[in-house]
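# Observations on the model geometry
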Amino acid sequence: MSLDKPYTDVPGTTIFDADMSRMGYHLNQFCMSLMKAENRARFKANERAYLDEWPMSEEQKQAVLDRDLNRCIALGGNIYFLAKIGATDGKSFQQMAGSMTGMTEEQYREMMIKGGRSPEGNRYTGEKK
Amino acid sequence: MAKISASVFTSHVPAIGAALDLGKQGEDYWKPVFAGYDFAKQWEKEQKPDVVFLVFNDHATAFSLEMIPTFAIGTAAEYQPADEGWGPRPVPKVIGHPRLAAHIAQSVIQDDFDLTIVNKMDVDHGLTVPLSLIFGQVDAWPCPVIPFAVNVVQYPVPSGRRCFMLGKAIRKAIESYDEPLNVQIWGTGGMSHQLQGPRAGLINREWDNMFLDKLINDPDGLSKVPHIDYVREAGSEGIELVMWLIARGAMSDVNETKKGNAPTVRHRFYHVPASNTAVGHLILENN
């Protein structure tokens, strides 16, 4: 039976639904563990070893090591969970969000000050800008 | 009997909390944001609410993927500000109102809304940033708060319609409480923002202002807007705005059994940006 998912044609956007949540369970729970200072310290001391304690896929682990947030999201990560990695790295939410757009930190900040990304041309995949 | 005197709506951007906690409110970037809340601080001193019923969402703080309730009401005596990875915000602990919260849970569940009753929960920026914006930097929050958490993180999230109807059930519950309490209901989150993917940074000033207009004048119509419109127009995280419909649904003018007059708009504010987000704020007095 097919489900109603009207949000698959929104460009540059992954909706964290029940299916994505299922895929990303261990990845997101790893992120959650970073809310404890002692875990942050252990992760920073040896990232690979810490990740190997979690039943995550190799792709998920590599995406975390690369700090490739778009890849993490494609593999079931959710931004509010992934933000714990950013916090561990001392990054702000703006730095994290900007890192997914292909813009530099300065360009992204400037875009936000000028009123943000326009919805024009950004509502449907393949829409003319 | 208890009564709802007003509804207050505001964004709850974490960077606003950080700016306050680090003493940056005088910086040019932040000045216009905080100026939008000067009115609320003065107004609250006159209103002196006995309880705030605060609708917010948890951001992977109290609720991990182990369990995410769609609607959760806090019935605890107190709640600690959470460590979200940057350390807990240096703000007072939140004092609850267990007796009223339990009364509301009983009434609202009997009205067919499946609330999860929570007795232990740390509260994140979704709850503490609105308190800071509306009450300012204080040693203790001026009144007890009932935290009401809505899942807007893991889709499908509740529809705007369901949130609006839930607000009506909450009003009925509060008005059947046997103490003469002055209760405010706050709806928080939004406005337009997207924090993920190549489309991060989306802001839609026009849609946000349409939302504010309709929230005031046509909440019933607004409650019928489907999720996909929020995602397309206001960004994937703009979906938080459905929580505003809970607070709006608790106002007297949409009470079907004893219809009150339209609320008085005491304050309206809109500003872009605070970090990644459009900031909206509205105060409606019940009539």
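Everything below is about the structure shown above.
Counting starts from 1 at the beginning of each chain's written sequence and moves along it residue by residue. Note on labels: chains are lettered from A, ligands numbered from 1, in written order. Two thresholds apply to this predicted model, a pLDDT of at least 70 for residue-level local features and 80 or more for giving and counting side-chain atom pairs, whereas whole-chain, interface and lining totals are computed over all residues.

With that settled, consider the overall build of chain A. For chain A, the helix and strand inventory stands at nine helices and zero strands. To qualify as a helix, a DSSP run of H or I must reach at least 4 residues; to qualify as a strand, a run of E must reach at least 2; elements of each kind are numbered from the N terminus. Ordered by position in the sequence, the α and β elements of chain A form the string α-α-α-α-α-α-α-α-α. Counting only C-alpha atoms, chain A reaches 45 × 45 × 20 Å along its principal axes. For chain A, the proportion of its 129 residues judged to be buried stands at 40%. The burial criterion counts other C-beta atoms lying within 10 Å of a residue's C-beta, which is placed from the backbone; the residue is buried at 20 or more, exposed at 12 or fewer, and partly exposed between these limits.

A separate point is the interface of chain A and chain B. Interface size, as often reported, equals the accessible area lost upon joining of the parts. Each residue gets a C-beta atom placed from its backbone, and two residues are in contact if those atoms lie within 7 Å. Taken together, the contact between chain A and chain B spans 44 residues of the former and 35 residues of the latter. Those elements that provide at least two residues to the side of chain A that touches chain B are α2 (25–33), α6 (69–74), α7 (79–88), α8 (93–99) and α9 (105–113) of chain A. Ranked by residues supplied to the side of chain A that touches chain B, first place goes to α7 of chain A with seven residues. Any residue that is not Ala, Val, Leu, Ile, Met, Phe, Trp, Tyr, Cys, Pro, Asp, Glu, Lys or Arg is counted as polar, Gly included; the first ten are nonpolar and the last four charged. Each residue belonging to the side of chain A that touches chain B can be placed in one class, and the counts come to 24 nonpolar, 16 polar and four charged.

So, on to unusual backbone geometry. All names here are of chain B. Along the chain, Tyr155 connects to Pro156 via a cis peptide bond; the corresponding omega equals 0°. As for its position among the elements, Pro156 is in the loop between β7 (145–150) and α6 (160–175). Look at the link from Gly190 to Met191: it is a cis peptide, with omega at 0°. For Lys48, which is not a glycine, the phi torsion comes out positive at approximately 45°. Relative to the helices and strands, Lys48 resides in the loop between α3 (38–47) and β2 (51–56). Given 10 C-beta atoms within a 10 Å radius, Lys48 is considered exposed. Phi is positive for Ala60, which is not a glycine, with a value near 55°. Relative to the elements of secondary structure, Ala60 occurs in the loop between β2 and β3 (71–74).

Residues and elements named next belong to chain B. Two strands qualify as a pair provided DSSP detects at least 2 bridges between them. Here we have eight strands laid out as an open sheet, ordered β6-β3-β7-β2-β8-β1-β10-β9, and mixed in their pairing. The strands lining the two open edges of the sheet, one partner per strand, are β6 (116–118) and β9 (264–274). Strand-to-strand twist across the sheet, computed as the mean angle between neighbouring axes with direction ignored, equals 20°. Alignment of β9 against strand β10 (residues 277–285), held across eight bridges, turns out to be antiparallel. Looking across to β10, one finds that His267 is bridged to Ile283. Note on geometry: axes are lines fitted to C-alpha atoms, helical ones only across the stretch in contact, with angles between N-to-C directions running from 0 to 180 degrees. Taken strand by strand, helix α5 (residues 125–135) contacts β1 (3–10), β2, β7 and β8 (182–188), and its axis lies near 130° from that of β2.

Let's shift gears to the packing of helix α4 (residues 98–110) of chain B against α6 of chain B. Residue and element names in this part refer to chain B. Running from N to C, α4 and α6 cross one another at 130°; their axes reach a closest spacing of 9 Å. Between α4 and α6, the angle is such that the two are oblique. The two elements α4 and α6 cross, and the hand of that crossing is right-handed. Residue-level inspection shows His103, Ile104, Ser107 and Val108 of α4 in contact with α6, the latter providing Ala169, Ile170, Lys172, Ala173 and Ile174. Looking at the contact of α4 with α6 residue by residue, the classes come out as six nonpolar, two polar and one charged. Throughout this description, any angle smaller than 35 degrees is read as roughly parallel, any larger than 145 degrees as roughly antiparallel, any in the 65 to 115 degree range as roughly perpendicular, and the remainder as oblique. If you view the pair so one helix is near and one far, a crossing is left-handed when the near helix is turned anticlockwise from the far one by less than a right angle, and right-handed when it is turned clockwise.

With that settled, the discussion passes to the pairing of β2 of chain B. Residues and elements named next belong to chain B. Here β2 lies mainly inside the structure; six of its six residues are buried. Of the two faces of β2, the one lined by Val51, Phe53 and Val55 and the one lined by Val52, Leu54 and Phe56 are each fully buried. Here five bridges tie β2 to β8, and the two strands are oriented parallel to one another. For Leu54, the partnering residue across the bridge sits in β8 and is Trp186. For β2 and β7, the ladder comprises five bridges, and the chain directions are parallel. Pairing of Phe56 across the sheet is with Ala149, part of β7.

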